[in-house]
Amino acid sequence: MALPSLIDDTPTATTCNQCKTAMAARERFCPSCGADREVEWQVAGLEMTRLASARKWILGIGVWYLISGAIMLLVLRKQLGTDEQRNLVLVTSGGLFAIHLGLYVWAKTAPLAAAVVSLLLFVTLHTANAALDPSTIYKGIVIKVLFVLVLAKAIQAGYEIHRMRNQRA
Ligand SMILES: [Zn+2]
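Thresholds, definitions, all that
- Residues numbered from 1 in each chain as written.
- Predicted model: local features only at pLDDT ≥ 70, side-chain atom pairs only at ≥ 80, totals over all residues.
- Helix = DSSP H or I, 4+ residues; strand = E, 2+ residues; numbered from the N terminus.
- Buried ≥ 20, exposed ≤ 12 C-beta atoms within 10 Å, placed from the backbone.
- Contact = placed C-beta atoms within 7 Å.
- Axes fitted to C-alpha atoms, helices over the stretch in contact; angles between N-to-C directions.
- Parallel < 35°, antiparallel > 145°, perpendicular 65-115°, else oblique.
- Left-handed = near helix turned anticlockwise from the far one by under 90°.
- Expected span 1.5 Å × (residues − 1).
- Core = buried A, V, L, I, M, F, W, Y, C linked by C-beta atoms within 7 Å.

A. Summary view of the overall build of the protein. Along its length, the protein carries four helices and zero strands. Going residue by residue from the N terminus, the α and β elements of the protein occur as α-α-α-α. Across the 169 residues in the protein, those meeting the buried criterion constitute 18%. The long-range share in the protein, meaning contacts at least 24 apart out of those at least 6 apart in sequence, stands at 58%.

B. Expanded view of unusual backbone geometry. The phi dihedral of Lys20 is positive, around 70°, even though this residue is not glycine. Mapped onto the elements, Lys20 comes out in the segment before α1 (37–75).

C. How the structure looks around the packing of helix α2 (residues 83–106) against helix α3 (residues 111–132). Between α2 and α3, the shortest axis-to-axis distance is 9 Å and the interhelical angle comes to 160°. Taken together, the axes of α2 and α3 are roughly antiparallel relative to one another. Seen along the crossing, α2 lies across α3 with a hand that is left-handed. Residues Ile99, His100, Leu103 and Trp106 of α2 touch α3, and the partners they reach there are Ala114, Val117, Ser118 and Leu121.

D. Seen up close, α2. In this model, α2 (24 residues) spans 34 Å end to end at C-alpha, consistent with the 34 Å of a helix rising 1.5 Å per residue. Of the positions making up α2, those classed as buried are Ser93, Leu96, His100, Leu103 and Tyr104.

E. Spatial organisation of the nonpolar core. With 18 residues, the main nonpolar core has Ala54, Trp57, Ile58, Ala107, Ala115 and Ala154 as its most contacted residues. Broken down by secondary-structure element, the contributors of at least two residues to this core are α1, α2, α3 and α4 (141–168). In terms of residue count, α4 provides more of this core than any other element does, six residues in total. Leaving out residues up to four positions away in the same chain, Ile58 has contacts with His100, Leu103, Tyr104, Ala107, Ala114, Ala115, Ser118 and Ala154.

Listed below in structure tokens is the structure:
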């Protein structure tokens, strides 16, 4: 199976990913600890796909903020009496979308931090919402739980990537 060069040092890697022993470019197994370099590449590839999926979720949550803002404007048109109230919804959902677009880009280099910021934003927002109007706590509770789980998974992936990069350094 041809392995794509997912990490920059794959084709000519000269140190073992596990124990840092120097390895000849054509050697597959580490002479010191026996680690399989092909397995190491696959592990790296797996981390890359999980990173990609965590980033998609962060972007998806941003899109969800935008959509829920639009729905709020359409459904609650009568309750949102003034232009200021409508603008507030527009600015809030647009701003949250912009923040998540930024987090999506940032997650490429700092997936752990980006996922943590996204989760903190989500929790803060819904805590503030619940404080203002306690009846909102159970509104869309399934979606809320799903988002927290998804972001927790993104944080987990970010943490593992962070750990792997530190091991490699
Ligand atoms: Zn080794």
